[in-house]
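Breakdown of the fold
Each chain, written out:
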Amino acid sequence: MKRILITGAAGFIGSHLCDRFIREGYHVIGMDNLLTGNIKNIEHLFPLANFEYYHHDVTKFVHVPGRLDYILHFASPASPIDYLKMPIQTLKVGSLGTHNLLGLAKSKEARILIASTSEVYGDPLVHPQKEDYWGNVNPIGPRGVYDEAKRFQEAITMAYHTYHGLETRIVRIFNTYGPRMRVEDGRVLPAFFSQAIRGEGLTVFGEGNQTRSFCYVDDLVEGIYRLLLSDYHLPVNIGNPSEITIMQFAHEIMQLVNNPQAHIIYNPLPVDDPKQRQPDITLARKILNWEPTVSREEGLKRTYEYFRQVVTPA
Ligand code: UDP
C-alpha cells in the first residue's frame, strides 16, 4: 500500500485530497495544526485503518515514522483575510514549513507536490496567465506575505529538484470552490452564500468588475492527482478558464439562493486586489490530458447544498 503525507489535511482542499487518496487505496497520514483547518472536515476518516491524523505545525521539525512514497504540502492560510491576520505564520509555513517537508521528502526518498497559487502572478499584466509569465507582485503590500511565501516555496522546491535530484511537482491553483470552504474565511463565495442565505447585503468590493475564474474542487483534485503521478516537474496551472466578474457572480448566487431580502452593497476594493484572473490551461490539457468538467451552474448547486446546512438563516 502506498503511503502519502498530506499537510493541511483538515483544510478545504486538503480534506478533499485525503478523501481522494483514501478512495484510491493509499495509506493517508493527514497533518494539520488547525490554525485555519477544521477537524470536522476529516472526522469521517478517523475510523479507517488506512487513515492517521497527526496534529502538528509543519514550521517545526516534521517527523513521520516509517516509509513515505508521496508528500502533498497543502498547509497554509489561504484567504486574504486569513493571511492579513496571520502574516508571520503565512510566511513561515510557505518557507520554513516547505523546507522541513523537502528535507523529509529527501530523507524518505519520497516524491513531493507543493501547492502554489495563481497569486504568484500578482495583479497580472498578461491575460490569461500562462506558466511562463513571471508575475506582477508587490512584495511589501498586504498580499505580499502570501505571494512571496509561495514564490519562495517554488524557488526552494526547484532548488531541491536541481541540487538534490528530488522528485518534485508544483501546482499553481486558481480560485477553487466547493463544500467545506470555511463560512467565515472572507473569500467571495462563502461571503456571498452566507449573506444571500441570511438575506443580507452581498458585499461587492469596488465596482465588482474585477474578474475571477472559479474551479470546482473535484476538478482541481483530479488535476492534482494526475500531476502527482506525471513525470513533469515544472509548475502547472490548474483552474477553470471560465471567467466572470464579481458582480455577475453575486447575481448568480442570489438567483440560486432566491432569498428576496438579499441585495448588493458596495465596499471598498482591498489594496492590490488583482483586477483580472484566468488560467491558461494549455499545458495541463497537453501533459495531463486534464480539463475541468463541472460547470459553474452544477458546482454552485452542489456547494449551495453544503452552505445551506452550515449557515443559519437570520
Ligand atoms: N470580494 C468581494 N466581496 C467579498 C469578498 C471578496 O467582492 O465579500 C472580491 C475580492 O475583492 C476579489 C474577488 O472577490 O476581487 C475574489 O476574492 P477572494 O477573497 O475570494 O480571493 P482572491 O481571488 O482575491 O484571492
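Provided above is the structure to which this section pertains.
Rules used throughout
- Residues numbered from 1 in each chain as written.
- Predicted model: local features only at pLDDT ≥ 70, side-chain atom pairs only at ≥ 80, totals over all residues.
- Heavy atoms only, no water.
- Helix = DSSP H or I, 4+ residues; strand = E, 2+ residues; numbered from the N terminus.
- Buried < 20%, exposed > 50% of the residue type's maximum accessible area, 1.4 Å probe, protein only.
- Phe/Tyr/Trp six-rings, centres within 6.5 Å; stacked < 30°, edge-to-face > 60°.
- Lys NZ or Arg CZ within 6 Å of the ring centre and 35° of its normal.
- Pairing = 2+ DSSP bridges.
- Axes fitted to C-alpha atoms, helices over the stretch in contact; angles between N-to-C directions.
- Contact = heavy atoms within 4.5 Å.

What follows covers the environment of leucine 229. The residue leucine 229 is located in helix α6 (residues 217–229) in this model. In this structure leucine 229 comes out as partly exposed when scored by relative accessible area, which is 40%. In sequence terms leucine 229 and arginine 111 are 118 residues apart; their C-alpha atoms lie 9.4 Å from each other.

Applying the stated criterion across every chain, the model contains 15 aromatic pairs. Aromatic pair phenylalanine 21 and tyrosine 26: ring centres 4.9 Å apart, planes at 85 degrees, arrangement edge-to-face. Cluster of aromatic residues (ring-pair linked, three or more members): Tyr177, Phe192, Phe214, Tyr216 and Phe249. Over the face of the ring belonging to tyrosine 225 we find arginine 20, whose NZ or CZ atom lies 4.3 Å from the ring centre.

Tracing the sequence through the fold places glutamate 305 in helix α9 (residues 296–310). By relative accessible area, glutamate 305 is classed as partly exposed at 40%. For the pair glutamate 305 and histidine 127, spaced 178 residues apart in sequence, the C-alpha to C-alpha distance is 33 Å.

What follows deals with unusual backbone geometry. Residue proline 128 follows histidine 127 across a cis peptide bond; omega there is -10 degrees. Within the secondary structure, proline 128 is located in the loop between β5 (111–117) and α4 (144–164). Of note, the phi angle at leucine 34 is positive, near 60 degrees, even though the residue is not glycine. You can see leucine 34 is positioned in the loop between β2 (27–32) and β3 (51–55). Of note, asparagine 289 is a non-glycine position whose phi angle comes to about 55 degrees, a positive value. For asparagine 289, the location among the structural elements is in the loop between α8 (282–288) and α9.

Strand order in this open sheet of seven strands is β3-β2-β1-β4-β5-β6-β11, and the pairing throughout is parallel. The open sheet has two free edges, formed respectively by β3 and β11 (236–238), since each of these has just one partner strand. When strand polarity is set aside, the average angle formed by the axes of neighbouring strands in this sheet is 20 degrees. The pairing of strand β4 (residues 70–73) with β5 spans four bridges and is classified as parallel. Bridge assignment links leucine 72 to a residue of β5, and that residue is leucine 113. Most of the contacts of helix α1 (residues 12–23) go to strand β1 (residues 3–7), to which it runs at about 170 degrees, and overall it touches β1, β2, β3, β4 and β6 (168–173).

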